[in-house]
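# Chains, contacts and geometry: an overview
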Amino acid sequence: MNRAARTVIFFLLAVPFLFLIGEGWNLDFREAPRLQKKMESLSRVQFDLFSIQKNLVFLLSESGRALKSPQLRGFLAQIDASRRDIESQKSALSPGQRRKVSDFSPLPEPGEERRAFFLQLSTLLDRSIGLMKSVEGLRKNLSLEAAQAAGRLNRIALWLSLLFASSLGMTGLWILQNLTLRKVSEFNTLLTKVNQIVASAENESSLIQSICDLAVKHGHLSLAWIGVPDESGAFRFLGVSGAVGYLEGLRISLDPSDPSGQGPAAGAWRNDCPYYTQSLEDATIPPEWKKRARAFGLHSVAALPIRRGGRVFGVLTVYHRRRNMFDEKLRNLLEELVLDISRGFDRMDTLRRQTLLSGALASVAEGVFVLGAEKRIVYVNQAFTDMTGYSPDEIIGREATRILYCCTDPGTKGRIVEALDRRTGFQGQIMSERKNGSRFWNLLTLNPVQDGNERGVHSVCVMRDISELHDLTQKMDFQAHHDVLTGLPNRRALEEHFSRAIARAVRNGSALAVGLFDLDDFKPVNDTYGHEAGDTLLRELAGRLLLNLRENDFLARLGGDEFVVVIEDLDIRQPLQKLEPLLERLHRAVEPAFGLAPDRTATVDLSMGISLYPDDGETGDLLLREADAAMFQVKRKKHERDNWWQQGSSSPSQGAPEMAFDPSGPEGRALLVRSRPWIESVIGIFQTEFFRLLAGDREQSDILSALDDGEKQGLGAVMAHHLLSLFDASATRETIREQGRRVGKTHALVGVRGPFLLHTKGLFDRILIENMNRSLLAARDRYRILLIAEARINEDIQAQLRIKDDIAGAYFDILSHPLPKDGASWPIASGRELAILGALPGIPSVLILTPGTENSFSVGPAAGERGKDFAEALRVPGGKEPPDPESLRFPKSFARSLEKGGPFSASAVDRDPRFVFLSEAARKTGGRSVLVVPVRTASGQSVAAVCLCGSYPNQFESLWMKQFSHGLEERWNQIWSQTVR
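Overview of the structure. Residue numbers restart at each chain and count upward from 1, following the sequence in its written direction. Totals for whole chains, interfaces and linings use every residue, but because this is a predicted model, local features are given only for residues with pLDDT of at least 70 and side-chain atom pairs only at 80 or more, for both listing and counting. In computing side-chain values, all of the structure's heavy atoms are included and hydrogens and water are not.

With that settled, the discussion passes to the sheet that holds strand β21 (residues 904–906). When DSSP locates at least two bridges between a pair of strands, those strands are taken to pair. A helix here means a DSSP run of H or I that spans at least four residues, while a strand means a run of E at least two residues long, and both kinds are numbered starting from the N terminus. Taken together, 5 strands build an open sheet; the order of strands is β20-β19-β23-β22-β21 and the sheet is antiparallel. A strand with exactly one partner marks an edge of an open sheet, and here the two such strands are β20 (857–863) and β21. The sheet shows a mean angle of 20 degrees between the axes of neighbouring strands, direction not considered. Sitting on the sheet, helix α29 (residues 867–875) touches β19 (845–851), β20 and β23 (942–950), and the angle it makes with β20 is about 165 degrees. Here, residues are in contact when the closest pair of their heavy atoms is within 4.5 Å. Helix axes use the C-alpha atoms of the stretch in contact, all axes being lines fitted to C-alpha atoms, and the angles between their N-to-C directions lie in the range 0 to 180 degrees. Together, β19, β21, β22 (929–936) and β23 form the strand contacts of helix α32 (residues 959–978), whose direction differs from that of β22 by roughly 35 degrees.

Inside soluble globular proteins, nonpolar side chains tend to come together where they are buried. By nonpolar core is meant a set of buried Ala, Val, Leu, Ile, Met, Phe, Trp, Tyr and Cys residues that side-chain atoms within 4.5 Å join together. The cut-offs for exposure are 20% and 50% of the maximum accessible area for each residue type, with area from a 1.4 Å probe on protein chains only; residues under the lower value are buried, those over the upper are exposed, and the others partly exposed. Formed by 76 residues in total, the largest nonpolar core has its most connected members in Phe764, Tyr811, Leu837, Val946, Leu948, Phe964 and Trp972. In terms of residue count, helix α27 (residues 779–814) provides more of this core than any other element does, 13 residues in total. Mapped onto the domain boundaries, this core takes at least three residues apiece from domain 4 (666–812) and domain 5 (817–980). Setting aside residues up to four positions removed in sequence, phenylalanine 764 forms contacts with Val682, Ile683, Phe686, Leu723, Phe727 and Ile793. Of all hydrophobic cores here, the second largest spans 36 residues; its members include Leu485, Leu488, Leu596 and Leu612. For the domains described, the bounds stem from an automatic or database domain assignment.

Take the packing of helix α24 (residues 709–726) against helix α25 (residues 733–750) next. Where α24 contacts α25, the two axes come as close as 10 Å, and the packing angle between them is 160 degrees. Taken together, the axes of α24 and α25 are roughly antiparallel relative to one another. The two elements α24 and α25 meet at a crossing, and its hand is left-handed. Here His722, Ser725 and Leu726 of α24 come into contact with α25, specifically with Ile736, Gln739 and Val743. By the convention adopted, Pro, Cys, Tyr, Trp, Phe, Met, Ile, Leu, Val and Ala count as nonpolar, Lys, Arg, Asp and Glu as charged, and the other residues, Gly among them, as polar. Across the contact of α24 with α25, the residue classes tally to 3 nonpolar, 3 polar and no charged. To sort the angles, those under 35 degrees are grouped as roughly parallel, those over 145 as roughly antiparallel, those from 65 to 115 as roughly perpendicular, and the leftovers as oblique. For a crossing to be left-handed, the near helix must be turned anticlockwise from the far one by less than a right angle; the clockwise case is right-handed.

In regular strands, side chains alternate between the two faces of the sheet. Strand direction decides the pairing type here: β19 and β20, joined by 5 bridges, are antiparallel. Pairing of proline 851 across the sheet is with phenylalanine 857, part of β20. The turn joining β19 and β20, which pair antiparallel and follow one another in sequence, is formed by 5 residues; a positive phi near 50 degrees is taken by glutamate 854.

Right, dumping it as structure tokens:
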């Protein structure tokens, strides 16, 4: 070999060795394993921080618990430990590399107060995200070092391959390991991103789409979709991202016997477990699917079930361009991902239920407050604030003393305290106090809320301001026991007083006197000056008599000019010795003339019959009977008598003591038959006065304005028939109640208020008494007719008030019905709601109108007894089919009301120009009034309108009906947001 050849061979061998020596100076052969350990350490730190983030998200969603959570300091300690770990890894970098790594601010130290923890808690998630960014920065720098080291190793391996043909395997293995770590890191980032949006998502559809987008962007997946079964038994895609063309025209069945139902997605749904296919070429799927997958570069697939509310809700399916992609680590991460998605849906459902509950509570008329374990208020609704004057900020955290105990009697207070202590229920009437010091009657219902251990930890208290009802009851009781004209006790009160007075006389061994008297020469006053002058005289007489009686004496008016006085504490041996001075004082009441007008006076006298207990009888009825007989005799001798009063009759009482009068007994029925003509005349007078009263009432006059002349006449006839039925001799208590319920239903739906009913009762009583004074009925018959009228009218009004509460309750109960499940079909859910509305009292038809373009609309589904007829009449106006749905149009005024927002109504559908397009159809199908409830999206766009027809005019104008309509609007908006079209 010559010298030139040897030189060439030496050069070929020397250059690689020189290069290896040069690279060796720059490379520490332990650098690759060291960098790999750093990457693994940072991945662990990153995963720890991800776990911390999930815990923080959970704590934020359960902020009430977080205030007391013993885990909070532990989480802070974990984050600090992770921060120190990152700092130690950061210190291993060169100064130049450390400058490139993003820094983060130190975490705030937790304060001593709970409130400080709560304020810091909301920042922890952001801080942990900052740590993640720091980790990502370190990872990138370490990856840069690893890449540089790998390049050097590759070059060394290249030169060594010229000499030794080996050593590339270790470097290749390290690169594969680095790629795997990078993929795990990418999926950890995906988990973090998904966790962030799940923690704050409010809209289901946007959440599902965002998850798919993040899977493609951060998980570097080729295709991701989330699907749920539809009504046909195939998947409906709710969110898709990536190679969406693969899914175009693709039907994935759930039926295992169908070839399209044998893939991983259907298997994951049916068996509630993940399915992983490492190669679509080997999968049991239709051949056209494989061909389509090859066209889009899809080679491996994973399908995982998403659970919601404890059951499978849908399936997340992801595709990758590589085969054998889903190893054990990625499987674990994917399963963690769907677990987080499931938790996110559950959180949204919980928030939606809370929103619905809050909206429902805000819309109800009853005040609601919740007491915590320490009997302090933790929640109030808007009605509570309106009712009491306390805002949430003023009352939450305080005891409910002024609401529950301040004005409550000791017995009721003890029952409430016992119910709270024992975690049992309570219902009763209490007196509560408002913020301004005023008081109101409160029907309180208290129920415990059980926790998972079946121990009551909260008490839900529902308040209903029943001041009006209580006042009505008090007024009814007062009217039942007092004379309308004078305010004195009446015959019913007298009967009750008799039993108590006689019991006292027996107990004290004393006597009592019963004096029945009327006025002499009273009829000429009425005939000369009119009945108003007579009423004035009777009122003044009552006042004078009371002034001349002792405090424990009892004075009652039976009717007309007849009065009764009961005098107690008389000496049983010599009763007249103490009685006579009292009677003389009583007579002084009529001695001065009565002023009827500035230039008119009148004088009257008294005639009284007296009976004594126990000499003349031992029962109130017998004593009154003896006094009546004595008064009759003294009046016969009015012009020749020496005294204006007389004790007992000239002949002893004959026969057995008279039985107590039963207004519904045979005597009462016989009296009604005899008095029928006179009662009919009283009812005729009442009709005229009633319409005058109704027209003069500012709130109730709207009822009349919604009627035409024919309907007003019909109303008068119905009212007359109702009153005549009340005084029919054959009417029983049950028939009176049933009739009261029928009339009460009408009154409730047209908006007649309870106080107005009592006002009309007072009007009827006054007309009845006035006309009794002109009748030829005997005094006893007049009195008994008053008893009959009092009993029957009270029975009727009580039945009306009860049915009114029942009807209002039926309407408001709808607002608390369970909402359809998330993802339910809008046609099915809306159809069910329509059916419920169509079954309400006074709703013959209800349907959905769907707005189109340029004020056009289409008629949707309908319900109710006449719902289909109403919908058909709208679709075919005037009996002629419209050329197309666009010819059905709203008036502009209706469209403006629809866009303005909130429910709107017409008291008379044929008189409101906004409803001209449906007035004819409504009247044909029994509709007199109408309520329209717009259905809106979260952005406020009107997408539908629920139209309710009412059987009565003015049906949707009362206060309680307005409250119902707003609650109904809130409910339908919730239904729209939770359903799919």
